[in-house]
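The lines below spell out each chain.
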Amino acid sequence: MKIIQGINNIGKIKKPVLAMGVFDGVHRGHKEILKAAVEDARKIKGTSIALTFWPHPQQQGSLYSLEHRLRLIAELGIDLCIVVNFTRHFAQIKAEDFIKNILVNKIGVQYIYVGNDFKFGKDAEGNLKLLNNLGKIFGFKARGFRIIKSENKPISSTLIRSLIKKGEIRKAQGLLDRPVSVLGTVIKGTALGRMLGFPTANIDPHHEVIPARGIYAVKVILGKKKLGGVCYIGKRPTIIAKNNKINIEVHILNFDGDIYGKYLEIQFAKIIRRDEKFPSLKHLTGQIEKDVASAKKILS
């Protein structure tokens, strides 16, 4: 997938079929829109495009970092992703001007796909109805996609964020239609895990929503490798009495290598237990042995 940062760098595009939205989380509803753009672009031998915005227009915490979001969009087969820098100046562009000057004049769009509830432009005045009306004038077709529900609740990034923070991994996974995951960089830690016999990779997350404190069975994506692991999220209460910092550490099963500075994607399979304080390092080590055994059983 080719990525274009900003609206001033767009060149000529062949038969653009554009899916437009924030696509934060790339959940089941987002996937339906993006996959339709891919399929329909192939039918007309055109170009499937995702147009997304960063930072989040509603000024709320994103489910995933931009890089993580782009990875997920690319996996769906989109040819080109345009990332619009959502600044105060951009937020003041009227919806009609956005359609005419950007979607029509810069991209040359032929088809536009959005969620039925998608709003855009100054004061959120742009919607599917406006796209349909202006499409008749400028020669493009707009298509709206239904809001997908689960247990009578609309699937949304806000709902998924809430579930992840509460540690309800299975529910969140069902709404995403894929594993809950965190993308981050491996950084140097205290080497305590190695001292206890379970070396861990310390993760600096990339602007991600972090699951609730606890120990999880996980799959670890390192480049093209997919490995099993145990992930700890917590404040190390056995080691430090009062600590406000949340640590993310993953013990990769049957692996020994230098991965400092590398990107890891941690995919959460199931929570094993909540974070807790132990009376000694000996007790903690004994529990870690049990956690590793539980993770192996879950992942098998």
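Residues numbered from 1 in each chain as written. Predicted model: local features only at pLDDT ≥ 70, side-chain atom pairs only at ≥ 80, totals over all residues. Heavy atoms only, no water.

Here the focus is unusual backbone geometry. Cis geometry marks the peptide bond from Trp54 to Pro55, where omega comes out at 0 degrees. Looking at the element boundaries, Pro55 is found in the loop between strand E3 (47-54) and helix H2 (66-75). One non-glycine residue, Lys45, lies in the positive phi region at around 55 degrees. Structurally, Lys45 is set in the loop between helix H1 (28-43) and E3. The exposure class of Lys45 is exposed, given its relative accessible area of 65%. (Helix = DSSP H or I, 4+ residues; strand = E, 2+ residues; numbered from the N terminus. Buried < 20%, exposed > 50% of the residue type's maximum accessible area, 1.4 Å probe, protein only.)

One way to put it is that helix H4 (residues 95-104) packs onto helix H5 (residues 128-138) with a least axis distance of 11 Å and a crossing angle of 50 degrees. Taken together, the axis directions place H4 and H5 in an arrangement best described as oblique. Handedness of the crossing formed by H4 with H5: right-handed. Across the interface between the two elements, Ala95, Glu96, Ile99, Lys100, Leu103 and Val104 of H4 pack against Leu130, Leu131, Leu134 and Phe138 of H5. Residue composition of the contact of H4 with H5, by class: eight nonpolar, no polar and two charged. (Axes fitted to C-alpha atoms, helices over the stretch in contact; angles between N-to-C directions. Parallel < 35°, antiparallel > 145°, perpendicular 65-115°, else oblique. Left-handed = near helix turned anticlockwise from the far one by under 90°. Contact = heavy atoms within 4.5 Å. Nonpolar A, V, L, I, M, F, W, Y, C, P; charged D, E, K, R; others polar.)

The next point concerns the side chain of Thr185. The residue Thr185 is located in strand E9 (residues 180-187) in this model. A polar atom in the side chain of Thr185 sits 2.7 Å from the side chain of His206. Not counting chain neighbours up to four residues away, the residues in contact with Thr185 comprise Asn202, Ile203, Asp204, His206, Gly261, Lys262 and Tyr263. (Polar contact = N/O pair within 3.5 Å; in protein donor to acceptor, adjacent residues only side chain to side chain.)

By secondary structure assignment, the location of Ser48 is in strand E3. Accessibility expressed as a relative area gives 1% for Ser48, which makes it buried. Measuring from C-alpha to C-alpha, the distance between Ser48 and His68 comes to 19 Å, with 20 residues separating the pair along the chain. Beyond its immediate chain neighbours, meaning those up to four positions away, Ser48 contacts Val17, Ala37, Val38, Ala41, Gly77, Ile78, Asp79 and Leu80.

The interhelical angle for the contact between helix H6 (residues 157-165) and helix H7 (residues 169-176), taken along N-to-C directions, is 155 degrees, at an axis separation of 8 Å. As far as their axial angle goes, H7 and H6 are roughly antiparallel. The handedness of the crossing between H6 and H7 comes out as left-handed. Two secondary-structure elements touch here, H6 through Leu159, Ile160, Leu163 and Ile164 and H7 through Lys171, Ala172, Leu175 and Leu176. Class assignment for the residues of the contact of H6 with H7 results in seven nonpolar, no polar and one charged.

A grouping of Met195, Ile239, Ile240 and Leu281 is seen on the molecular surface, where their side chains present a nonpolar patch of about 340 Å² in accessible area. Relative to the assigned elements, Ile240 resides in the loop between strand E12 (225-234) and strand E13 (247-252). (Patch = residues over 30% accessible without salt bridge, like charges linked within 9 Å, V, L, I, M, F, W, Y side chains within 5 Å. Areas by Shrake-Rupley, 256 points an atom, 1.4 Å probe, with all protein chains shown as cover. Salt bridge = Lys/Arg side-chain N within 4 Å of Asp/Glu carboxyl O.)

Using the criterion set out here, one finds eight aromatic pairs in the structure. Pairing Phe53 with Phe86 gives two aromatic rings, centres 6.2 Å apart and planes at 85 degrees, and the pair type is edge-to-face. You can see Phe53 sitting in strand E3 and its partner Phe86 sitting in the loop between strand E4 (80-85) and helix H3 (88-91), a full 33 residues away along the chain. Accessibility expressed as a relative area gives 23% for Phe86, which makes it partly exposed. When the centroid spacing of 5.1 Å and the interplanar angle of 80 degrees are considered together, the rings of Tyr216 and Phe268 count as edge-to-face. With Tyr216 in strand E11 (residues 214-222) and Phe268 in strand E14 (residues 263-273), the pair connects residues that are 52 residues apart, well separated along the chain. An aromatic cluster is defined as three or more aromatic residues linked by ring pairs; in this entry it consists of Phe53, Phe86, Phe90, Phe98, Phe118 and Phe120. It is Arg143 that lies over the ring of Tyr113; its NZ or CZ is 5.4 Å from the centre. Stacked on the ring of Tyr260, the Lys or Arg Lys188 has its end atom at 3.8 Å from the ring centre. (Phe/Tyr/Trp six-rings, centres within 6.5 Å; stacked < 30°, edge-to-face > 60°. Lys NZ or Arg CZ within 6 Å of the ring centre and 35° of its normal.)

Worth remembering: the numbers are spatial, not functional.
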